[in-house]
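# Observations on the model geometry
Below, each chain spelled out in residue letters.
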Amino acid sequence: MVSRKAKRIADLSEALLERRVLHLKDAALLLNVSEMTVRRDVAENPGQFGYLGGHIVPAIDTESDVPYELAKAADSHAVAKQEACARAAKYIRPDETIFIDCGTTLLSLIDYVPEDYSITAVCYALNVAEKLTRRANINVVMLGGLYYPSSASFSGASGLETLNHLGINTAFISAAGVDLNRGASCAHFHEAPVKRKAISLAQKSFLVVDSSKFGKVRPAFFAPIEAFQSIITEQGETNFADAHDKVRVQMSGS
């Protein structure tokens, strides 16, 4: 006879095969047990499950099953991305809340958060959340929504609503294309609403990219250049502070 615990594990595994990712609360409702019980089941079965920012995923997702696009991006211009993050890190302040965009560019930013800084970080991508949760001095807020494997990120009404209830001091935004006339754009349409919302709510927003992104336009436009306090690359920083406040007000009303 199969034990109740074994049945829970089997049911959770089956659910993850279908959905790929489950919020802790949804898993508890599905299994008809407490969230504490689900946490314990996940912790006792590291070979099957991983727990990232309030979400349960197959263990392989936290190790090697990274979406191809994300894995390819991680290797592209890696040193330049690290240098851009090193420059951007000076805008992180203790006891503040920051927003970290999805993708691979801003992963290195986490490495530059001083150990003696207690901060809160808001994110919506699994790779970002996984790295943030390794840091004891960082509180993590993971936005929900529908999961998109192409960028290992979430997007949807629930995540945007969560942002409405957060006070964000600084948003660090990435882009796949930067055109000085057209603005900042990304490859995936589901990312654009989250980026726009974070920019409109944050006191300051910085576009952090490597210089290879300049002159490129991607399908999903999300902000004009003037929406950012500055653009930070491995080569330096270009300031747009004078126009920033005006554009931010316009975006918050759109």
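Residues numbered from 1 in each chain as written. Predicted model: local features only at pLDDT ≥ 70, side-chain atom pairs only at ≥ 80, totals over all residues. Heavy atoms only, no water.

This next bit is on helix H3 (residues 35-43). Listed as buried for H3 are Thr 37, Val 38, Asp 41 and Val 42. Viewed along the axis of H3, the buried residues span an arc of 135°, placing them on a single side of the element. When the buried face of H3 is taken as reference, the exposed residues oriented beyond 90 degrees from it are Met 36 and Ala 43. (Buried < 20%, exposed > 50% of the residue type's maximum accessible area, 1.4 Å probe, protein only. Helix = DSSP H or I, 4+ residues; strand = E, 2+ residues; numbered from the N terminus. Arc of directions from axis to C-beta.)

Moving on, we come to the sheet that holds strand S13 (residues 220-223). With respect to topology, 3 strands assemble into an open sheet ordered S10-S11-S13, the strand pairing being antiparallel. The outermost strands of the open sheet, each flanked by one partner alone, are strand S10 (177-179) and S13. Taking the axes of each pair of neighbouring strands and ignoring which way they run, one obtains an average angle of 35° across the sheet. Note: strand S11 (residues 183-186) against S13, 3 bridges, orientation antiparallel. For Ser 185, the partnering residue across the bridge sits in S13 and is Phe 221. In the packing of helix H8 (residues 192-201) onto the sheet, contacts are made with S11 and S13, and the angle to S13 comes to roughly 5°. (Pairing = 2+ DSSP bridges. Axes fitted to C-alpha atoms, helices over the stretch in contact; angles between N-to-C directions. Contact = heavy atoms within 4.5 Å.)

This part takes up the pairing of S11. The pairing of S10 with S11 spans 3 bridges and is antiparallel. Bridge pairing in S11 places Val 178 opposite Ala 184. Remark: 3 residues form the turn of the hairpin made by S10 and S11, two consecutive strands paired antiparallel.

Turning next to the packing of helix H7 (residues 157-164) against H8. For any two helices packed against each other, the geometry is given by the interaxial angle and the distance between the axes. Two elements in contact, H7 and H8, have axes whose closest approach is 10 Å; the angle formed by their N-to-C orientations is 5°. What the angle tells us is that H7 and H8 run roughly parallel. Contact residues: Leu 160, Leu 163 and Asn 164 in H7; Pro 193, Val 194, Lys 197, Ala 198 and Leu 201 in H8. In terms of residue class, the contact of H7 with H8 is made up of 6 nonpolar, 1 polar and 1 charged. (Parallel < 35°, antiparallel > 145°, perpendicular 65-115°, else oblique. Nonpolar A, V, L, I, M, F, W, Y, C, P; charged D, E, K, R; others polar.)

The next thing to look at is the pattern of salt bridges. Inspection of the entire model under this criterion finds 10 salt bridges. Through salt bridges with shared partners, a single network forms among Asp 101, Glu 191 and Lys 195. (Salt bridge = Lys/Arg side-chain N within 4 Å of Asp/Glu carboxyl O.)

Now for the environment of Phe 154. Among the structural elements, Phe 154 can be located in strand S8 (residues 153-155). The spatial distance from the C-alpha of Phe 154 to the C-alpha of Cys 123 is 9.3 Å, given a sequence separation of 31 residues. Filtering out sequence-adjacent residues up to four positions away, Phe 154 remains in contact with Val 21, His 55, Tyr 124, Leu 126, Met 142, Leu 143, Gly 144, Gly 145, Leu 146, Tyr 147 and Val 194.

Okay, the sheet that holds strand S6 (residues 138-142) next. Read from one edge of the open sheet, 7 strands run S6-S5-S4-S9-S12-S14-S15, paired in mixed fashion. In this open sheet, the two edge strands, each paired with only one partner strand, are S6 and strand S15 (236-239). Going from strand to strand, the sheet's axes swing by 20° on average, the running direction of each strand aside. Inspection of the sheet shows strand S4 (residues 97-100) paired to strand S9 (residues 170-173) by 3 bridges, in the parallel sense. For Phe 99, the partnering residue across the bridge sits in S9 and is Ala 171. Sheet strands touched by helix H5 (residues 78-88): S9, strand S12 (204-208), strand S14 (230-233) and S15. Its angle to S14, the strand with the most contacts, is close to 135°.

Moving on to the nonpolar core. One broad rule of soluble globular proteins: the nonpolar side chains tend to lie buried together. Counting residues in each nonpolar core, the largest one holds 59 residues, and the members touching the most others are Phe 99, Phe 172 and Phe 222. The next biggest cluster of nonpolar side chains, apart from the first, holds 13 residues, and it includes Ala 15, Leu 22, Leu 24 and Ala 28. (Core = buried A, V, L, I, M, F, W, Y, C linked by side-chain atoms within 4.5 Å.)

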